[in-house]
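So the chains spell out like this:
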Amino acid sequence: MSVITIERKILEKNDEVAGQNRSLFLEHGVFVLNLISSPGSGKTSILERTIELLGGKIRLAVIEGDVQTDLDAQRIARYNVPAVQIVTRGGCHLEANLVRDALQNLELAGVQLLIIENVGNLVCPSGFDLGENHKVVIASVTEGDDKPLKYPEIFHRASVLIINKIDLLQYVPCDINVLRGNALRVNPSLKIFETSCTTGAGIQEWCGWLKGQVSRQQ
Amino acid sequence: MHEMSIARNTCEIALAHLPADDASPVKSVKVRIGELAGVVPESLRFCFSIIAGDSRLAGATLITEEIPATADCKTCNKQVSLDFGVFICPACGSTEISILSGTELQIIEIELNDDAGAST
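Not measured: the values here are computed from a predicted model. (Residues numbered from 1 in each chain as written. Chains lettered and ligands numbered in written order. Predicted model: local features only at pLDDT ≥ 70, side-chain atom pairs only at ≥ 80, totals over all residues. Heavy atoms only, no water.)

Asker: Kindly report on the overall build of chain A, identifying the contributing residues and their values.
Answerer: For chain A, the helix and strand inventory stands at 8 helices and 8 strands. For 218 residues, the compact-globule estimate of 2.2 N^0.38 gives 17 Å, and chain A sits close to it at 17 Å. Overall size of chain A, expressed as C-alpha extent along the three principal axes, is 65 × 45 × 35 Å. Out of the 218 residues in chain A, the part that is buried amounts to 56%. Sequence-distant contacts, at least 24 apart, represent 73% of the contacts inside chain A between residues at least 6 apart. Per element, the accessible surface of chain A, about 9100 Å² overall, is 48% carbon and sulfur. (Helix = DSSP H or I, 4+ residues; strand = E, 2+ residues; numbered from the N terminus. Rg over C-alpha atoms; globule rule 2.2 N^0.38 Å. Buried < 20%, exposed > 50% of the residue type's maximum accessible area, 1.4 Å probe, protein only. Contact = heavy atoms within 4.5 Å. Areas by Shrake-Rupley, 256 points an atom, 1.4 Å probe, with all protein chains shown as cover.)

See below:
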């Protein structure tokens, strides 16, 4: 029996393309976020509220990842923000080459903030670098306070946690302090925002942080 | 089911490393999977068997070496095993830890069924 030694990272090809994406973003001075959550946590709603608040102040662009349809890109396009839709046709996460291909349809010159909305999934996207500055994980209170312990990889790899739908706290058995505590056990350096896209609570704080990050990237 | 994508990448790397002048069947492909890599070994083996089926890797076994999560605690200066998904030192409760192992996602080696005797 002959043994051929390889010793390589399995996702080296994805990491290589993510590195190329990152260089391109840096060259254009674009700050990039990779938005990850389970389906229905409010990724697109947070994007809409963010665009409403920052749209006039920061030049934004959006890449939407979905298993099927371009409904999300249509929602974002209503705000006159350049939006490119990636339809994965069953694929459960975005990979760096899909983002690279989407960039063919997006003029990066002048863009200050690019938000990539990943496919709704708390598991699969976590290991695939897209070239972003930060992963942002969104957990809504209706999902319960144990999500960080059940899906630790993504909470560990993210820099920011947005706890969304806080206006529904009174109706659901979710203790926001337990949720925060669980998230910090998995990732003690996580930056946490509490938001409601319905009442607008916390959106100002989130956008304030975002603005600071964008100006640092320029 | 991102294991399908990881299996596809594994097969591509393995195929690229097969010797062009030796058509011996592949006995096994060995990968290393850290506990924190977010990959389910059973799923990966299943996906590998499907993707390998159409190639020179057909019939090969995917051997998964699973690596536990360990860390260096900066506060109590101990090497500790982490409880799954909790990034706090189990000995002293400190959050000042650096991960030593558990994030691996690597392809290690391929074994050929060529009766040539063990070699590397």
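Asker: So what's going on with the overall build of chain B? Which residues, and what values?
Answerer: If you tally the helices and strands in chain B, you get 2 helices and 6 strands. Ordering the α and β elements of chain B from the N terminus gives α-β-α-β-β-β-β-β. The C-alpha atoms of chain B give a radius of gyration of 18 Å, which is well past the 14 Å a tight globule of 120 residues would have. Principal axes of the C-alpha set define a box for chain B whose edges measure 55 × 35 × 20 Å. Buried residues in chain B amount to 47% of all 120 residues. Of all intrachain contacts in chain B linking residues separated by at least 6 positions in sequence, the fraction that spans at least 24 positions is 70%. As displayed, chain B offers around 5800 Å² of accessible surface, 50% of which is attributable to carbon and sulfur atoms. A distance of 3 Å separates the average location of the 8 positive side-chain charges in chain B from that of its 17 negative side-chain charges. (Lys, Arg positive; Asp, Glu negative; His and termini not counted. Charge placed at Lys NZ, Arg CZ, Asp CG, Glu CD.)

Asker: So what about a nonpolar patch on the surface? Which residues, and what values?
Answerer: Residue and element names in this part refer to chain B. Residues Met1, Met4, Phe46 and Ile50 make up a contiguous nonpolar surface patch of about 370 Å² in total accessible area. Here methionine 1 is to be found in the segment before helix 1 (3-16). Overall, the relative accessible area of 46% leaves methionine 1 in the partly exposed class. (Patch = residues over 30% accessible without salt bridge, like charges linked within 9 Å, V, L, I, M, F, W, Y side chains within 5 Å. Salt bridge = Lys/Arg side-chain N within 4 Å of Asp/Glu carboxyl O.)

Asker: Lay out the environment of A:Val119 with the relevant residues and their values.
Answerer: Following the sequence through the fold, A:Val119 ends up in the loop between strand 5 (113-117) and strand 6 (134-140). Put simply, A:Val119 and A:Val87 are 32 residues apart on the chain and 9.2 Å apart in space, counted from C-alpha to C-alpha.

Asker: Any details on the interface of chain A and chain B? Residues and values, ideally.
Answerer: Taken together, the contact pairs 26 residues of chain A with 41 residues of chain B. Each partner contributes to the roughly 3000 Å² buried at the junction of chain A and chain B, and carbon and sulfur atoms together form 59% of this total. Contact with chain B buries area across many residues of chain A, yet A:Met1, A:Ile4 and A:Ile10 alone supply 28% of it, more than any other trio. Between the two partners, chain A and chain B, sit 3 salt bridges. (Buried area = accessible area lost by both parts, 1.4 Å probe.)

Asker: Hey, could you go over the packing of aromatic side chains for me, with residue numbers and the actual values?
Answerer: All names here are of chain A. Taken as a whole and judged by the stated rule, the model has 3 aromatic pairs over all chains. When the ring of phenylalanine 193 is compared with that of tryptophan 209, the centres are 6.0 Å apart and the planes differ by 55°; the resulting orientation is tilted. Separated by 16 residues along the polypeptide, phenylalanine 193 in strand 8 (residues 191-194) and tryptophan 209 in helix 8 (residues 203-217) bring together distant segments of the chain. The residues phenylalanine 193 and tryptophan 209 share a single accessibility class, namely buried. Members of the aromatic cluster, joined through ring pairs, are Phe193, Trp206 and Trp209. (Phe/Tyr/Trp six-rings, centres within 6.5 Å; stacked < 30°, edge-to-face > 60°.)

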